[in-house]
Amino acid sequence: MNTAPRSIALVDCNNFYCSCERVFRPDLETTPVLVLSNNDGAVVARSNETKALGVKMGEPWFKVKELAKKHGIVAFSSNYALYACLSNRVMQMLSDFSPVQEVYSIDESFLDLTGFTDVTERAYRIRKTVLQNTGITVCVGIASSKTLAKLANHVAKKHPNSRGVFDFNRLSVRQVDSVLSNLEIGEVWGIGRKLNASLNHDGIETVLQLRDADAPRLRARYDVVMAKTIRELRGEPCIELEEVAPAKQQIVCSRSFGQCVTDIDDLQEALTHFMGNAAGKLRAQKSVASMVQVFILTDRFRAEDPQYCPSVSLPLITATADTLTLCSWAAAGLRSIFKAGFRYKKAGVILSEFGPEGMGQADLFAPRDEPDRLALMATLDGLNARFGRGTVKVSGERPSGRWKMTSDRKSPAYTTNWDEIARCR
DNA sequence: TCTCCGATTAGAC
DNA sequence: CTAACGGTCTAATCGGAGA
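The present account deals with the structure reproduced in this document. Worth saying up front: this structure is predicted, and the values here are computed from it rather than measured.

Rules used in this analysis
- Residues numbered from 1 in each chain as written.
- Chains lettered and ligands numbered in written order.
- Predicted model: local features only at pLDDT ≥ 70, side-chain atom pairs only at ≥ 80, totals over all residues.
- Heavy atoms only, no water.
- Near = heavy atom within 4 Å.
- Polar contact = N/O pair within 3.5 Å; in protein donor to acceptor, adjacent residues only side chain to side chain.
- Helix = DSSP H or I, 4+ residues; strand = E, 2+ residues; numbered from the N terminus.
- Buried < 20%, exposed > 50% of the residue type's maximum accessible area, 1.4 Å probe, protein only.
- Contact = heavy atoms within 4.5 Å.
- 1 Å grid on protein atoms, 1.4 Å probe; cavity = no way out; pocket = protein on both sides within 12 Å on 5 of 7 lines; lining within 4 Å.
- Points joined across faces, edges and corners; volume = space filled by probe spheres on them.

## Quick notes on the protein's contact with DNA strand C
Link 1 in the chain: As a matter of local geometry, DNA strand C sits amid 21 residues, with S37, V252, S254, R255 and S256 nearest to it.
Link 2 in the chain: The share of sugar and phosphate among atoms of DNA strand C within 4 Å of the protein is 72%.
Link 3 in the chain: A distance of 2.5 Å separates a phosphate oxygen of DNA strand C from a polar atom in the backbone of S256.
Link 4 in the chain: The contact in question runs from a phosphate oxygen of DNA strand C to an N or O atom on the side chain of R302, over 3.4 Å.
Link 5 in the chain: Secondary structure elements with two or more residues in the surface near DNA strand C: helix 3 (61-71), helix 11 (224-233) and strand 9 (250-261).
Link 6 in the chain: Among the elements that take part in the surface near DNA strand C, strand 9 stands out by supplying seven residues, more than any other.

## Notes on the environment of F257
Link 1 in the chain: If you trace the backbone, F257 turns up in strand 9.
Link 2 in the chain: Take F257: its relative accessible area is 0%, and that puts it in the buried class.
Link 3 in the chain: A sequence separation of 78 residues divides F257 from R335, and the C-alpha atoms of the two residues are 19 Å apart.
Link 4 in the chain: Leaving out residues up to four positions away in the same chain, F257 has contacts with N39, L267, A270, F274, Y344, K345, K346, A347, W403, K404 and M405.

## A short note on helix 1 (residues 16-23)
Link 1 in the chain: Summarising burial for helix 1: seven of the eight residues are buried, a large majority.
Link 2 in the chain: Against the buried residues of helix 1 lie strand 1 (8-13), strand 2 (33-36), strand 3 (43-46), helix 2 (48-52), strand 4 (74-77) and helix 4 (80-94).

## Brief notes about empty space enclosed by the protein
Link 1 in the chain: Tallied over the entire structure, the rule returns one cavity of 30 Å³ or more.
Link 2 in the chain: Computed from the structure, the largest cavity encloses a volume of approximately 30 Å³.
Link 3 in the chain: Forming the boundary of the largest cavity are G190, I191, L195, D223, V225, M226 and T229.
Link 4 in the chain: The dominant element in the lining of the largest cavity, judged by the number of residues it contributes, is helix 11, at three residues.

## Quick look at unusual backbone geometry
Link 1 in the chain: Even without being a glycine, N39 presents a positive backbone phi close to 65°.
Link 2 in the chain: Topologically, N39 is positioned in the loop between strand 2 and strand 3.
Link 3 in the chain: Even without glycine at this site, K286 takes up a positive phi of about 60°.
Link 4 in the chain: Here K286 shows up in the loop between helix 12 (264-284) and strand 10 (287-298).
Link 5 in the chain: Overall, K286 belongs to the exposed group, its relative accessible area being 56%.

That's the geometry; what it means functionally is another story.
Shown next, in the form of structure tokens:
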């Protein structure tokens with residue numbers, strides 16, 4: 001009988017986007033830094049110094065701007081190419097420390113360290129290796145379930161004397177209770193704002209209280225996810241590591257515009273651009289889609305403007321991943337919902353109802369995609385992979401770019417674009 | 001009554 | 001100088017429509 005607990009590690013990069021920006025700007029090591037969402041809308045990452053100044057996650061940039069100026073906070077537009085590149089390097093490095101890895105998000109990996117005799121040492125080596133090779137600091141939380149590993153990571157981040165590693169498995173039962181009694185349920189993976197308030201209302205405030213709550217009663221009041229969370233808090237692993245990411249069921253590409261757009265041709269141009277992006281992702285996972293959805297939105301924050309947020313669903317007879325075909329469906333969709341006289345702020349496309357590429361779907365007599373069209377798409381994907389996204393794209397005639405998002409504070413593409421590296425001194 | 005669907009909600013990052 | 005609040009994705013649940 002094997003009674004040894006699992007050792008599941010959650011490795012999480014600290015202030016990831018900010019850390020990425022600093023990798024190429026060591027002069028900003030002690031300067032407060034923040035990173036903005038697409039369209040420079042809201043704060044999505046803060047360095048420790050910025051957090052200390054009271055800047056909140058998700059705060060709109062226009063509300064922070066004054067404070068930023070006053071304290072010399074350096075703000076960056078988000079540079080996803082840079083973050084993805086550094087993420088890949090970090091994840092690759094982490095894979096050396098365990099045969100079982102789940103890349104959970106752009107800055108987090110679960111690693112199964114069960115069976116290693118030197119789990120804590122290994123965790124410190126992970127930290128050291130990633131820091132030395134990329135300049136990015138990570139924290140490691142370890143426990144017998146993913147939910148507890150996430151909590152352990154939170155403790156490692158918060159308590160400097162942990163030196164970045166915290167392992168529940170090395171604690172006595174009493175010590176675990178003590179730690180859990182000092183954590184609020186909002187820190188638990190899966191407990192968001194609504195559930196937090198609702199549980200508080202039932203008198204459950206600490207993680208210890210949640211763990212020891214009457215499970216059947218909570219199961220009745222909440223859902224199966226809550227039941228799993230409680231079991232995981234008790235140390236019983238019931239959420240397994242997913243080593244291979246399952247294929248997406250839906251691919252969305254949407255953006256807010258830098259300025260409002262009134263012209264159907266501008267919306268068309270934007271949708272063509274978004275569809276190029278979405279179809280590329282679709283082909284990357286070797287799927288074809290048989291549903292296209294298109295939506296356009298006015299600015300909900302301008303209460304004085306008339307609002308109009310239509311969308312349309314277009315079921316396709318023939319599933320496809322061909323950008324040109326998908327773009328013409330998107331264009332048809334747009335024509336069917338567009339009304340002049342509104343100020344549109346956002347638009348997007350959604351692909352869904354996926355099937356495997358090359359399978360022609362259930363209807364054997366349905367028309368197939370032209371083979372030379374497939375070859376064209378393969379060539380396009382190849383060029384974009386080799387020379388960077390956007391090297392080759394479908395042309396919406398008369399490109400105006402009036403729909404483009406604001407991104408005034410973007411760092412150069414250090415790791416992906418040679419020209420921009422050269423420009424940066 | 002059962003099931004399937006779309007829309008809505010909640011959560012994560 | 002103004003006005004200014006992100007993008008993707010999954011799972012659960014619920015109510016209505018159709019079998």
